[in-house]
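Fold and geometry: a report
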Amino acid sequence: MIDRDIFEDLFVLEMATNHLGRVARGLKIISTFAQVVRFNNVRAAIKLQLRDVDRFIHRDFADCSDVRYIKKTRDTRLSDEEYATLVKAIRQGSCIPMATPFDEKSVDLCCELGIPIIKIASSDLNDWFLIEKIAKTKKPVIVSTGGSSIKDIDDLVTFFQNRNIPLAINHCVSIYPSEDSELEMNQIDFLRNRYPSLTIGFSSHECTDWYSSMLIAYAKGARTFERHIDINEDGVTLSRYCSTPEQTDTWFKAFHKAKEMCGAPGTQKRMPPQKEIQYLDSLVRGVYAQRDLPEGHILTDDDVYLAIPLLQGQISCRELMRGEILLASVTKDAPLMIDDIESPYSTVPSLRNLIYRRGLPVQKKGAAAPQS
C-alpha cells in the first residue's frame, strides 16, 4: 500500500540557489523561514537544488558567462560538506530536508545526506536516466508538471505506481513569475480526476497575491504546496517569484483559513454541530389538535394542523406518520406529545429523549420528561 500521508498538507519551501553559494546566507534563510513555519504550526520542507557542477556543465562551456543559467549554476556551487551543513540546519529548524537532484550523482548525494523526499523538476519530467536513478532510492517523489504533455505525466505515474513508490503531482506553470491570469488553477481539478489515487499539489510562482490562490488551490483539493523563498538582506535583489518571510506568513495563514472554511473532507457527509441542530429545531413545526380528540382515536390528516413553536416532548412534522393511536384524549389546539400516541418513535428511548430535548421548554400539563 502506497503511503500518501507523507505529502498531506506539506509545504515545500524552495531555496533553490538563493544561498548564492554562501553557506552563511543559506543558514540565514533556513533559520528565518523555520521560525515562520513554527509560528504558523505547519509541516514544511526546505528544499535545496543539487548539481554535480563539473559534469552538469560541459567543460567547453564552463566559462561561458553570457548564458545566465550556466553562470548562476557555476557561481552558486557548494561542496557536499556545505550541503550537509545546510541539511543539518534544516533538521535543527524542525523542517524536513528536501532536494531536487538534477543529475545522477546528485541522487547519490541525496542518499548520503538522508534526504527523505525527492523532487523532480518540470524540466526533468521525461529525463528517464535521472528518473530511473531516483526510483532506485525508493524515496517518495514530488513532481511538477510545468510544460508537460499528458503522455509525460501518464508514463511517469505508471512508472512509479508499478514500483509502489509514493508520488505526488504538482500543478505548475513554469513562468517566472506567473501573473494571476496565467495560473490555470482548474488544472488541479483535471489532475485529481485523472489520478484519483495520488496526492495533487500546487507549485506556484505568482508574484502579486499570497492569499487568494491558496484558498482556491485548497478548495480544489490541492494538498501539497510549493513556493520559492528568499530573504531581503545583503542588498540582494529578490526575484519577483520568490516569497519573503512576511509573504510566506500570509500564505500559511491563508492555508489555515482555507482549512477552516472547507471543513470536513468532501468524501463524507459532515456532522452538523449541536448549535445548528438547535437553531433548525426552533423552525420546525409542531403537531397540534384540530379539534377535541378522544383516547383510542386513530389520527388522520384532518385531525391535526402544523404550527410553530415546537415544544419539548411534542411530535413534529418529521414524526407525524398518520394512523397513530391516541393513548390519551387531547383537547383542541393542544400539542400532541410523544407520550400521547402509540408510534415507533414512542417505543425507542433514544428517540423519545431526543424529542424531549428539542424545542421550547414548555410541557403539556401533567406530562413529565423521561429520564435520560
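Residues numbered from 1 in each chain as written. Predicted model: local features only at pLDDT ≥ 70, side-chain atom pairs only at ≥ 80, totals over all residues. Heavy atoms only, no water.

Side note on the overall build of the protein
Along the protein, the regular secondary structure elements total 12 helices and 13 strands. For the protein, whose C-alpha radius of gyration is 31 Å, the value lies well above the compact-globule estimate of 21 Å for 372 residues. By the burial criterion, 48% of the 372 residues in the protein qualify as buried. The contacts in the protein between residues at least 6 apart in sequence include a share of 67% that link residues at least 24 apart. Surface exposure of the protein reaches about 19,000 Å², of which carbon and sulfur atoms provide 52%. Where the 47 positive side-chain charges of the protein centre and where its 51 negative ones centre are 2 Å apart. (Helix = DSSP H or I, 4+ residues; strand = E, 2+ residues; numbered from the N terminus. Rg over C-alpha atoms; globule rule 2.2 N^0.38 Å. Buried < 20%, exposed > 50% of the residue type's maximum accessible area, 1.4 Å probe, protein only. Contact = heavy atoms within 4.5 Å. Areas by Shrake-Rupley, 256 points an atom, 1.4 Å probe, with all protein chains shown as cover. Lys, Arg positive; Asp, Glu negative; His and termini not counted. Charge placed at Lys NZ, Arg CZ, Asp CG, Glu CD.)

Topic: helix H5 (residues 104–113)
Of all the positions in H5, only Ser106, Val107, Leu109, Cys110 and Leu113 are classed as buried. Across the axial projection of H5, the buried residues extend over an arc of 155 degrees, all falling on one side. For H5, the elements touching its buried residues are strand E2 (43–50), helix H4 (80–92), strand E3 (96–101), strand E4 (117–120) and helix H6 (128–136). Capping the start of H5, aspartate 103 holds a side-chain oxygen 3.4 Å from the backbone nitrogen of lysine 105, two or three residues further along. Phi turns positive, to about 70 degrees, at glycine 114, one or two residues after H5. (Arc of directions from axis to C-beta. Polar contact = N/O pair within 3.5 Å; in protein donor to acceptor, adjacent residues only side chain to side chain.)

Looking at the packing of aromatic side chains
Taken as a whole, this structure holds 11 aromatic pairs when the rule is applied. Judged by centre distance (5.8 Å) and plane angle (80 degrees), the rings of tyrosine 218 and phenylalanine 255 are edge-to-face. In this pair, tyrosine 218 sits in helix H9 (residues 212–220) while phenylalanine 255 sits in helix H10 (residues 245–262), placing the two residues 37 residues apart along the sequence. Between tryptophan 251 and phenylalanine 252, the aromatic rings sit 5.8 Å apart at their centres with planes inclined by 25 degrees, giving stacked as the arrangement. (Phe/Tyr/Trp six-rings, centres within 6.5 Å; stacked < 30°, edge-to-face > 60°.)

Regarding the packing of helix H1 (residues 23–40) against H4
The N-to-C vectors of H1 and H4 enclose an angle of 15 degrees; their axes lie 10 Å apart at closest approach. In this view, H1 runs roughly parallel relative to H4, as classed from their interaxial angle. In the crossing of H1 with H4, the sense of the turn from one axis to the other is right-handed. Contacts between H1 and H4 involve Val23, Gly26, Leu27 and Ile30 from the former and Glu82, Thr85, Leu86, Ala89 and Ile90 from the latter. Its residues assigned to classes, the contact of H1 with H4 comprises six nonpolar, two polar and one charged. (Axes fitted to C-alpha atoms, helices over the stretch in contact; angles between N-to-C directions. Parallel < 35°, antiparallel > 145°, perpendicular 65-115°, else oblique. Left-handed = near helix turned anticlockwise from the far one by under 90°. Nonpolar A, V, L, I, M, F, W, Y, C, P; charged D, E, K, R; others polar.)

Some details on the nonpolar core
In this structure, Phe11, Leu13, Phe160, Ile169 and Phe225 are the most contacted members of the largest nonpolar core, which totals 65 residues. The element that contributes the greatest number of residues to this core is H1, accounting for seven residues. If you look at the next biggest cluster of nonpolar residues, it comprises 14 residues, including Ala289, Leu299, Ala334 and Leu336. (Core = buried A, V, L, I, M, F, W, Y, C linked by side-chain atoms within 4.5 Å.)

Describing the environment of proline 101
In this structure, proline 101 sits in strand E3. A C-alpha to C-alpha distance of 7.4 Å links proline 101 and isoleucine 120, two positions 19 residues apart in sequence.

As for the pattern of salt bridges
The full count for this structure, using the stated rule, is 20 salt bridges. Ionic pairing is found between arginine 77 and aspartate 54, a salt bridge with its closest N-O pair at 3.2 Å. Residue arginine 77 is found in the loop between helix H3 (68–75) and H4, and its partner aspartate 54 is found in helix H2 (residues 53–56); the two are separated by 23 residues along the sequence. Aspartate 54 sits in the exposed class, given a relative accessible area of 56%. The salt bridge involving glutamate 226 is made with lysine 119; its shortest N-O contact spans 2.7 Å. In this pair, glutamate 226 sits in strand E8 (residues 224–229) while lysine 119 sits in strand E4, placing the two residues 107 residues apart along the sequence. (Salt bridge = Lys/Arg side-chain N within 4 Å of Asp/Glu carboxyl O.)

Quick word on the pairing of strand E1 (residues 10–16)
Burial within E1 is extensive, with seven of its seven residues counted as buried. What you see with E1 is no split at all: Leu10, Val12, Glu14 and Ala16 on one side and Phe11, Leu13 and Met15 on the other are buried throughout. Across five bridges, E1 lies against E8 in parallel orientation. When the bridges of E8 are listed, leucine 10 appears paired with threonine 224. Bridge analysis of E1 against E2 gives six bridges, and the strand direction is parallel. Paired with alanine 16 across the strands is leucine 48, a residue of E2. Handedness of the crossover is the feature at issue here: the chain leaves E1, passes through H1, returns alongside E2, and the resulting connection is right-handed. (Pairing = 2+ DSSP bridges. Right-handed = clockwise from strand over helix to strand, strands pointing away.)

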